[in-house]
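Each chain, written out:
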Amino acid sequence: MLIQIGGINEDHHYWSAGFSNPIVLLWTATIYTYGMRIISMIRRTFGLIVIIAAAGWLALTPAPDGLRIPRNLNPGAGDIPQAMDMAAAAINISDHELALNIYTEIIMRYPKNVDALMKRASLHFRLYRYAQALKDWNKAIILSPNNALIYAGRSTSYLGVGKFDKAIRDANRAIKIDEQGYSGYVSRGIIYLYNGENKKALSDLKRSVSLNPTSEGALYTLGLALHNMDRNAEALEYVSRA
């Protein structure tokens, strides 16, 4: 979703203290060029990319009254989907700890629930807890070793802890597993963007948009890459499409 790109700011899936200086520079340049609208765009981009890693963008629903952690979860009775919806609703009202508690309870009862592991990993990333995110991505990969979304998510978490080589390796693995999936290209594009390799980032991000023309994260991040190359008219075009 990061240059907290580690993700798009955890809420934005991407920024840790280690990335603060580059990010401040990018945001300052953005304000100068586009104003507050683009600042909002960058923040949204960083948050959205995190969710890519988890399993596509989280579909957040309005929060119900009196959110509670479900008890006696029973997949056969449909409680797991309900609990996942409640976690998404908690995220929607920025109650991240409640969402983490829900995901954790699901995982405790059903350790092989890959979806819950992925979503908890994405949320940890969103909260800048990159080491915890990596633990969940690692568990998810053991359970689902050919899932491109997991590798894409882990790649940005590796970027969050400064492990560039491992980040690129996982992004490449995601693309190898699913060449027609856009998440691997977004993750690798973000990594290149953070590393100052704008041309490579541009190539990957254009590919991601061609594979998923409606992805807000891909469109916004492509706009940021173009902005970094002083191609502001093109950048605004992609941003306006999101």
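Residues numbered from 1 in each chain as written. Predicted model: local features only at pLDDT ≥ 70, side-chain atom pairs only at ≥ 80, totals over all residues. Heavy atoms only, no water.

*Asks:* For this particular structure, what's the right way to read the overall build of the chain?
*Replies:* Across its full length, the chain carries twelve helices and zero strands. For the chain, the N- to C-terminal ordering of α and β elements is α-α-α-α-α-α-α-α-α-α-α-α. Split into buried and exposed, the 242 residues of the chain put 56% on the buried side. Carbon and sulfur atoms form 52% of the exposed surface of the chain, whose accessible area is close to 10500 Å². (Helix = DSSP H or I, 4+ residues; strand = E, 2+ residues; numbered from the N terminus. Buried < 20%, exposed > 50% of the residue type's maximum accessible area, 1.4 Å probe, protein only. Areas by Shrake-Rupley, 256 points an atom, 1.4 Å probe, with all protein chains shown as cover.)

*Asks:* Would you explain the nonpolar core in this entry?
*Replies:* Generally speaking, nonpolar side chains in soluble globular proteins are found buried as a group. Ranked by size, the top nonpolar core spans 31 residues in total, and within it A99, I102, Y103, I106 and I150 carry the most contacts. Of all the secondary-structure elements, those providing two or more residues to this core are α3 (79-92), α4 (96-109), α5 (114-126), α6 (130-143) and α7 (148-160). Judged by nonpolar contacts, the second largest core, of 24 residues, contains Y192, A201, A218 and Y238. (Core = buried A, V, L, I, M, F, W, Y, C linked by side-chain atoms within 4.5 Å.)

*Asks:* Hey, could you run me through the pattern of salt bridges in this one?
*Replies:* Working definition: two side chains of opposite charge can pair if their charged atoms are close together. Under the counting rule described, the total for this entry stands at nine salt bridges. D170 is paired through a salt bridge with R154; the nearest N and O atoms lie 2.5 Å apart. On the criterion of sequence distance, the pair formed by D170 in helix α8 (residues 164-177) and R154 in helix α7 is long-range, its members being 16 residues apart. As far as burial versus exposure is concerned, D170 and R154 are alike and both buried. (Salt bridge = Lys/Arg side-chain N within 4 Å of Asp/Glu carboxyl O.)

*Asks:* Help me understand the environment of H96 in this model?
*Replies:* Mapped onto the elements, H96 comes out in helix α4. For H96 and H124, which are 28 residues apart along the polypeptide, the C-alpha to C-alpha distance reads 9.1 Å.

*Asks:* Hey, could you run me through the side chain of N147 in this one?
*Replies:* Its place among the elements puts N147 in the loop between α6 and α7. When sequence neighbours within four positions are dropped, the list of residues in contact with N147 reads M118 and I177. (Contact = heavy atoms within 4.5 Å.)

*Asks:* Honestly, the environment of I177 in this entry has me stumped. Any pointers?
*Replies:* With respect to the element layout, I177 can be found in helix α8. Judged by relative accessible area, which is 29%, I177 ranks as partly exposed. Those residues in contact with I177, other than ones at most four positions away along the chain, are P145, N146, N147, A148 and Y151.

*Asks:* Please explain helix α11 (residues 216-228) as it appears in this structure.
*Replies:* Side chains of residues three or four places apart in an α-helix project in the same direction, reflecting 3.6 residues per turn. The end-to-end C-alpha separation of α11 is 18 Å, in line with the 18 Å expected for 13 residues at 1.5 Å each. A large share of α11 lies buried, amounting to eleven of its 13 residues. G217, A218, L219, Y220, T221, L222, G223, L224, A225, L226 and H227 are the residues of α11 that are buried. After α11 finishes, the residue D230 shows a positive phi value of roughly 65 degrees. (Expected span 1.5 Å × (residues − 1).)

*Asks:* How do you make sense of the environment of A99 when you look at a structure like this?
*Replies:* The topology assignment puts A99 in helix α4. Judged by its relative accessible area of 0%, A99 is buried. A C-alpha to C-alpha distance of 4.4 Å links A99 and A87, two positions twelve residues apart in sequence. Sequence-distant contacts of A99, defined by excluding residues within four places in its chain, comprise A87, A90, I91 and L123.

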